[in-house]
Amino acid sequence: MKTVLHKSNTRGKAEYGWLNSHHSFSFANYYDPKRMNFGVLRVLNDDIVAPGMGFKKHPHDNMEIISIPLEGDLEHKDSMGNTTVIKQGDIQVMSAGTGVFHSEHNKNRDRDVKFLQIWIVPNKRDVEPRYDQITLNSKNLQNQLYQILSPNTDDSGVWIHQNAWFYIGELEMGNVQNYTLKDPKSGVYIFVLDGDITIENQNLHKRDGFGLWETDHIKIKADSNSKVLLMEVPMTS
């Protein structure tokens, strides 16, 4: 088994007044040649956007983009004609494919919006752009790893053009989860949304990231009431 640890306080940071962002991997003005990606997981940004502010219309292509709101309401508009608001409990996916423009703004003028934006390198280029979103039932997350993303259109959660699987779990203190990889050639990147967990004798805390590969299973133990995001991704594109 090989591992890589990204403590929360080692992430790249960007502050623009209206945006406070932490980057687990190299992004924009943050560059670390040792932190370019984890397999096909290219971007994991932890964003806080001030009331009424946001990202103006900008382009993307050939990237699978997943947004996971943590607090507040995020308004999305794109060149495919979608205008939606996503909030805590929603999962949004956009396959940029041949090219798409979109904007993201804090819908509220009295509180921040907090969300994760994740980029996955696709296994198919120049596909037709597409958009989708779902709302999770919070009961499904209790003391289990609940699938929110996969490569399969008829699976639980949203789907993307890549052999990746995402899970979210809200684990009570003492709860143990065993995860078997779908593909032993893939790796798993764990991002701690809240609380404290232990994986393979590694203690992790809020906003820590931990990658593991060359293994076929992992065990997660909640050392306090915790919320985790597990991402299984190919280690080569």
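Bear in mind the structure is a predicted one, so any value in this text is a computation, not a measurement.

Q: Give me the lowdown on the overall build of the protein chain, citing residues and values where you can.
A: Within the protein chain, the secondary structure is distributed over zero helices and 22 strands. For the protein chain, whose C-alpha radius of gyration is 17 Å, the value lies close to the compact-globule estimate of 18 Å for 237 residues. Judged by the C-alpha coordinates and their principal axes, the protein chain covers about 45 × 40 × 40 Å. Mean positive and mean negative side-chain charge positions of the protein chain (26 and 30 charges, respectively) differ by 3 Å.

Q: Any details on the sheet that holds strand β16 (residues 176-180)? Residues and values, ideally.
A: Hydrogen bonding along the main chain pairs the strands of a sheet, whether they run parallel or antiparallel. Overall, antiparallel pairing links the four strands, which are arranged β16-β21-β18-β19 in an open sheet. Here the strands that pair on one side only, and so sit at the sheet edges, are β16 and β19 (202-205). Averaged over all neighbouring strand pairs, the angle between strand axes comes to 25 degrees, with direction disregarded. Here strand β18 (residues 196-199) pairs with β19 via four bridges, running antiparallel. Note that in β19 the partner of Asp-196 across the bridge is His-205.

Q: So what about the nonpolar core? Which residues, and what values?
A: Core analysis: the largest hydrophobic core is formed by 28 residues, its most contacted members being Ile-66, Ile-68, Ile-118, Phe-166 and Leu-229. Contributions of two or more residues to this core are made by β4 (41-49), β6 (64-71), β9 (90-95), β11 (113-120), β13 (146-150), β15 (165-171), β17 (186-194) and β22 (226-234). Here Leu-229 is in contact with Ile-68, Leu-116, Ile-118, Ile-148, Tyr-167, Ile-168, Tyr-189, Ile-190, Phe-191 and Leu-193, once residues within four sequence places are set aside. Among the nonpolar cores identified, the runner-up in size contains 19 residues, and Ile-190, Ile-199, Val-228 and Leu-230 belong to it.

Q: An account of the environment of Asn-37 is needed here, citing residue identities and associated values.
A: With respect to the element layout, Asn-37 can be found in the loop between β3 (19-23) and β4. Considered as a pair, Asn-37 and Ser-26 are eleven residues apart in the sequence and their alpha carbons are 7.6 Å apart. At 2.7 Å, the side chain of Asn-37 and the backbone oxygen of Gly-39 are in polar contact.

Q: Outline the pattern of salt bridges, supporting the account with residue identities and numerical values.
A: This model, assessed by the stated rule, comprises eleven salt bridges. In this structure, Glu-170 and Lys-227 form a salt bridge, with 3.6 Å as the shortest nitrogen-oxygen distance. Of this pair, Glu-170 sits in strand β15 while Lys-227 sits in strand β22, and the two are 57 residues apart along the sequence. One connected set of salt bridges, linked through shared partners, spans Arg-11, Asp-46 and Arg-207.

Q: Provide a residue-level description of the side chain of Asn-45, including the pertinent values.
A: If you trace the backbone, Asn-45 turns up in strand β4. For Asn-45, a relative accessible area of 4% corresponds to the buried category. A distance of 2.9 Å separates the side chain of Asn-45 from the side chain of His-23, its partner in a polar contact.

What counts and how
Along each chain, numbering runs from 1 in the same order as the chain's sequence is written. Thresholds applied to this predicted model are a pLDDT of at least 70 for local features of residues and 80 or more for the giving and counting of side-chain atom pairs; totals over whole chains, interfaces and linings are not thresholded and use all residues. To get the side-chain values, take all heavy atoms of the structure and skip hydrogens and water. Numbering goes from the N terminus for both helices and strands, where a helix is a DSSP run of H or I of at least four residues and a strand is a run of E of at least two. Within these notes, the globule rule equals 2.2 Å times the number of residues to the 0.38 power, and the radius of gyration is based on C-alpha atoms. His is not counted, nor are the chain ends, whereas Lys and Arg count as positive and Asp and Glu as negative. Where a charge lies is defined by one atom per residue type: Lys uses NZ, Arg uses CZ, Asp uses CG and Glu uses CD. Criterion used throughout: strands pair if DSSP finds at least two bridges between them. Think of each axis as a best-fit line through the C-alpha atoms, taken over the contacting stretch in the case of a helix, with angles from 0 to 180 degrees between the N-to-C directions. Nine residue types can take part in a nonpolar core, namely buried Ala, Val, Leu, Ile, Met, Phe, Trp, Tyr and Cys, and a core is a set of them joined through side-chain atoms within 4.5 Å. Throughout, exposure labels follow a simple rule: accessible area from a 1.4 Å probe, protein chains only, divided by the maximum for the residue type, with under 20% read as buried, over 50% as exposed, and the rest as partly exposed. Whether two residues are in contact is decided by their heavy atoms: any pair within 4.5 Å suffices. Here a polar contact is recorded for every N or O atom pair within 3.5 Å, except that within protein the pair must consist of a potential hydrogen donor and a potential acceptor, and residues adjacent in sequence are included only if both atoms are side-chain atoms. We define a salt bridge as a side-chain nitrogen of Lys or Arg found within 4 Å of a carboxyl oxygen belonging to Asp or Glu.

Any functional reading would require information that these geometric values do not contain.
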